[in-house]
Amino acid sequence: MEPAWRQQGRGRGRGQSRGQTPSDVSACRPRTDNRGMREGQDRGSSAVTMVPKAQSPPRQATSPQSRFDAIRRSNQAAAQRLAEKQYSSSSEDDDDADDDNAGLVKRGRILESTFTTYASQTGGDVSDLEHTRQYLNEAFQSGAVTCLICIASVKRTQAVWSCVGCYCIFHIPCIQKWAKDSIFLVSSATDEDFGNKNHPWPCPKCRYEYSSQQTPTRYYCYCGKEADPVPDPWLLPHSCGQVCDRDFKPPCGHRCLLLCHPGPCPPCPKMVSVSCVCGKAAPVPRRCSNKAWTCGKICNRTLPCRTHTCTHTCHAGMCEPCPRVSRQKCVCGRKQAERQCASPVWHCDQVCGRPLTCGNHTCERVCHTDVCGECPRAVNRTCPCGKSKCALPCTVDVPTCGDTCDKKLDCGLHTCSMRCHRGPCETCRQEVEKHCRCGRYSKSMPCHKEYLCENKCSQTRNCNRHQCRRKCCPGKCPPCDLSCGRTLGCRNHKCPSVCHPGSCYPCPEVVQVKCACGSTSLSVPCGREKSTKPPRCRELCSKPPSCHHSSREHHRCHFGSCPPCKQECQLPLPACTHLCPQPCHDQVLLKAHPQGQLAGPWEQPSAPAFECKALPCPPCQVPIPTACLGKHEVSPVLCHVRGPFSCGRPCGRSLTCGNHTCSLECHTVTPDPSSEKKEAGKECEQCEESCSKPRPAGCPHACALPCHRGNCPPCTQMIRQRCHCKITTLYIECLKLTSADDEGKKWLISCKNQCPKQLKCGHRCKEQCHEGECADTCNQRVKVKCPCKRIKKEFSCSRARQEEDLVLCDDTCRELQRKHTEAREAEERAIKEEEMKKHQAELEAFEKRQKGKRKKNRRNTEVEPEEGAWLKYRKYLLVPVCGALLAVGAFYLLQTM
């Protein structure tokens, strides 16, 4: 009976049962198998779903039938999702969602980053990395990395363990269960108390043995540096992204330079200086992984025969035995023979025959080199039974003692009852009560015979499946020698091992999963071929076309039916000579609506089926150049609707008035041979408008005549116009005003009176009524004074405003200003002296009042000298004096400027 975990693993290699759709496609699209349907769905092919879900009837608000229908539809949708789930967990990998080109570019970048450090040491040579590259490609390939215990794909987010012997990857829970079961089975067969748990357990693939302490307990990256590595889309799955740094095998003192990677480490790329294997040549730089080299010279070392030398070229290790043949003597020196020079010591088949020291006997040993020794009969000897001893010459035999032999017989229980005798004892014939091996029966029989009963053992052997069935089994049944024959987890093969307890080893077979054309294959463990997606094939599809075209569009190899043809139809259209430019429509899936109505709510609507039909070519859409009815334009018209048409524009032909054109929509016009092509015909309209010819510039009156040919008559109406100064209203003939030039118009609009406008200077303009602003040149005489207002002169108003300093002060003016300044200064000084006197008087009165208040009995009668008024109040007087002087100086400067 297999363990429960193994029984649960059975059948995982088989794909899930996939139900067939209730309706099939018509004969134009062949029926595909499960794999083809899977390929069409997962590879994004243009295959149409054959039978979609049934359309749900209109929902009723509170009807029990509507609730029942809703539950039924949800159950059908869930069942269809389960039926369409084609793949195992490998189909959920991230690379299935990527585009082919994007996935290749991403994979190339990751491989390049992994090999960067190694390539820098080898100068870009990565030829030794092919074996490692294979492991890396399998790590990226969906479904390539498979746990051999549970036969399921290894995802990039699952905890894994890698064997150090075969580098096979397993799930951590699977390998822990495997190790536990293996240790239990070994301990149950060898230990009496099941207490010893230190038994080794083997790798499921390569049988490499691990101790019980080496059972994995935690998820590590490939190099073992990082525990529980975080999945990174730009790193290898289960890699930490650091340098591997593992010792090379065989160890050379260097460490691996690749990033953390699966599989074995590549050969060491380091450069070392080594001599040849014989040590004669000078050291040269070599790759550490290929440092053993030969110089090509003859070895010439002396061989073990000490006669010849080694004739081989430079080699490693000990020299080979001498291949030559020479005549060699045996160890006793009696015979000579042609023998290999490498084995000079040999023994002949003659007895030594040399006399011993006793002088009576000769050596009976075969050819030997050492001394023959003493005679074996020259020492004290015993009788054959060993009970009596005697010292006799070597030429005399020892007689028998006559006593009972008493030697142990072969049975080990009884002794020999004969008298002392030479030679072997006889067989034990004593009658004893013997038990059979199984201990169930007993019987009296001679001691030398073995008693075996006919009872067959019914115990189960160590395989726990087959009975022992051995006659008279003593209890220790031998191991089962039958073939196991149990079906392996792959469900394709049976276990070839000898019948054993516990679960069988995983199936060692490898199956090739091929694409539709068979040119691309993927190696997967046996049992995974049905649940592994076939590899992406780069070859082109070779299936013949199913439409009228000679070849299909180029697309990659795939399972199932090819995508619909998207080439142009190119069949000749029925009503013209053009070719159909539409995509191929020989095979179009159309929905076939069911006939009849439902008998009642208990009858369920059937799902609509699809049928493949060939649609007719659409109407010709080729544009044909066609002229409109009025010959205005030549426009492209679709071939299937070509013919005379109206462009929708106005007719545009010149009417009889010669000023207007026909405004009717594009129409047919009967040509008149005597008139031009642009002249209106009898089908055109008649002009009924008034004259719309442009009037002369400035004339606001319309022409009084109807629409006519030629020029309009002159306008004789009067125009009411204001003069330039806006005071007088004038009446001017329109013809004079419009025909006059600019100067004439200015003269006609002027009222000939003086301009009433005032200039900027304040005087009235002297010119007649004129247009625009008045000229800023006033010639009226004005008086201009000097700065001191003493001298007066007359100038024109415009010159007085434009020029400065027309009238300047003379010497008399300057003398008068000087006298005025001196008088003012004298007056200011008198005012200041009067103020000073007033302040001095007030100060003296204040001091007197202060002296009267002193105590009369003051002892100190010394009178301090009093300071003068100037020294006492100088700081109060200097400030106003200085301010007055500054004001006078400033006033004088202003007057002189």
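Residues numbered from 1 in each chain as written. Predicted model: local features only at pLDDT ≥ 70, side-chain atom pairs only at ≥ 80, totals over all residues. Heavy atoms only, no water.

Engineer: I'd like a rundown of the overall build of the protein chain, residues and numbers included.
Structural biologist: Broken down by element type, the protein chain carries 11 helices and 24 strands. The buried share of the protein chain, reckoned over its 897 residues, is 29%. Relative to all contacts within the protein chain whose residues are 6 or more apart in sequence, the contacts with residues 24 or more apart total 33%. Taken as a whole, the protein chain presents about 58,800 Å² of accessible surface, with 52% of it coming from carbon and sulfur. (Helix = DSSP H or I, 4+ residues; strand = E, 2+ residues; numbered from the N terminus. Buried < 20%, exposed > 50% of the residue type's maximum accessible area, 1.4 Å probe, protein only. Contact = heavy atoms within 4.5 Å. Areas by Shrake-Rupley, 256 points an atom, 1.4 Å probe, with all protein chains shown as cover.)

Engineer: How would you explain the packing of aromatic side chains if you had to name every residue and give the values?
Structural biologist: Scanning the model with the defined rule gives 6 aromatic pairs in all. Between the aromatic rings of Trp-161 and Trp-201, the centroid separation amounts to 5.8 Å while the plane-to-plane angle is 50°, which identifies the pairing as tilted. Pair noted here: Trp-161 is in strand β3 (residues 160–162) and Trp-201 is in strand β5 (residues 201–202), with a separation of 40 residues, a long-range link. The pair Trp-161 / Trp-201 is uniform in exposure class, with both members buried. Its end group placed over the ring of Tyr-505, Arg-207 keeps NZ or CZ at 3.3 Å from the ring centre. Above the ring of Trp-747, the side-chain terminus of Lys-752 is found at 4.3 Å from the ring centroid. (Phe/Tyr/Trp six-rings, centres within 6.5 Å; stacked < 30°, edge-to-face > 60°. Lys NZ or Arg CZ within 6 Å of the ring centre and 35° of its normal.)

Engineer: Pulling in residues and values, what's your account of unusual backbone geometry?
Structural biologist: Geometrically, the link from Lys-249 to Pro-250 is a cis peptide bond, its omega value of -5° lying close to zero. Here Pro-250 lies in the loop between β6 (209–210) and β7 (271–274). Of note in the backbone geometry, Asp-406 takes a positive phi value of approximately 55° without being a glycine. Within the secondary structure, Asp-406 sits in the loop between β12 (389–390) and β13 (431–435). Looking at Asp-406, the relative accessible area reads 40%, which means it is partly exposed.

Engineer: Can you break down the pattern of salt bridges residue by residue, with the values?
Structural biologist: As enumerated under the stated definition, the model contains 18 salt bridges in all. As a salt-bridge pair, Glu-454 and Lys-471 come within 3.0 Å of each other at their nearest N and O atoms. Remark: Lys-471 occurs in the loop between β14 (442–446) and β15 (510–514) and Glu-454 occurs in the loop between β14 and β15; sequence separation between them is 17 residues. The closest approach of N and O atoms between Glu-633 and Arg-649, which form a salt bridge, is 2.7 Å. Placement of Glu-633 in the loop between β19 (623–627) and β20 (634–638) and of Arg-649 in the loop between β20 and β21 (718–722) is noted, with a sequence separation of 16 residues between them. Judged by its relative accessible area of 21%, Glu-633 falls in the partly exposed class. Overall, the relative accessible area of 42% leaves Arg-649 in the partly exposed class. By sharing partners, the salt bridges in this structure join Asp-245, Asp-247 and Arg-255 into a single network. (Salt bridge = Lys/Arg side-chain N within 4 Å of Asp/Glu carboxyl O.)

Engineer: Mind laying out a positive patch on the surface, listing which residues take part and the relevant values?
Structural biologist: A cluster of like positive charges, contributed by Arg-720, Arg-722, Lys-726 and Lys-757, occupies part of the molecular surface. Structurally, Arg-720 can be placed in strand β21. (Patch = residues over 30% accessible without salt bridge, like charges linked within 9 Å, V, L, I, M, F, W, Y side chains within 5 Å. Lys, Arg positive; Asp, Glu negative; His and termini not counted. Charge placed at Lys NZ, Arg CZ, Asp CG, Glu CD.)

Engineer: Run through the pairing of β14, naming residues and quoting values.
Structural biologist: When β13 meets β14, the two strands line up antiparallel, connected through 5 bridges. The residue of β14 that forms the bridge with Lys-434 is Lys-443. Here β13 folds back onto β14 in antiparallel fashion, the turn holding 6 residues, of which Gly-439 has a positive phi close to 85°. (Pairing = 2+ DSSP bridges.)

Engineer: Provide a residue-level description of the nonpolar core, including the pertinent values.
Structural biologist: Core analysis: the largest hydrophobic core is formed by 41 residues, its most contacted members being Cys-147, Ile-149, Trp-161, Phe-170, Ile-175 and Trp-201. Of all the secondary-structure elements, those providing two or more residues to this core are β3, β4 (169–171), α6 (172–190) and β7. In terms of residue count, α6 provides more of this core than any other element does, 6 residues in total. Residues Ile-719, Cys-725, Cys-751 and Cys-769 belong to the second largest nonpolar core, which totals 11 residues. (Core = buried A, V, L, I, M, F, W, Y, C linked by side-chain atoms within 4.5 Å.)

Engineer: Now, about the environment of Gly-485: what can you tell me, with residues and values included?
Structural biologist: Here Gly-485 shows up in the loop between β14 and β15. With 10 residues separating them along the chain, Gly-485 and Cys-495 place their C-alpha atoms 5.0 Å apart. Here Gly-485 is in contact with Lys-494 and Cys-495, once residues within four sequence places are set aside.

Engineer: Residues and numbers for the side chain of Ser-796, please.
Structural biologist: Mapping Ser-796 onto the fold places it in strand β24 (residues 792–796). Non-local contacts of Ser-796, meaning those with residues more than four positions away in its chain, are made with Cys-778, Asn-779, Gln-780, Arg-781 and Val-782.

Engineer: Let's hear about the pairing of β15: which residues, and what values?
Structural biologist: Looking along a regular strand, one sees side chains alternate from face to face of the sheet. Bridge analysis of β15 against strand β16 (residues 521–525) gives 5 bridges, and the strand direction is antiparallel. Within β16, the residue paired with Lys-514 across the bridge is Ser-521. In this antiparallel pair of consecutive strands, β15 and β16, the connection spans 6 residues, and Gly-518 shows a positive phi of 85°.

Engineer: Which residues make up the side chain of Thr-146, and what values go with them?
Structural biologist: Positionally, Thr-146 belongs in strand β1 (residues 146–147). Ignoring sequence-local partners within four residues, the contact set of Thr-146 consists of Ile-151, Ala-152, Ser-153, Val-154, Ile-169, Pro-525 and Arg-528.

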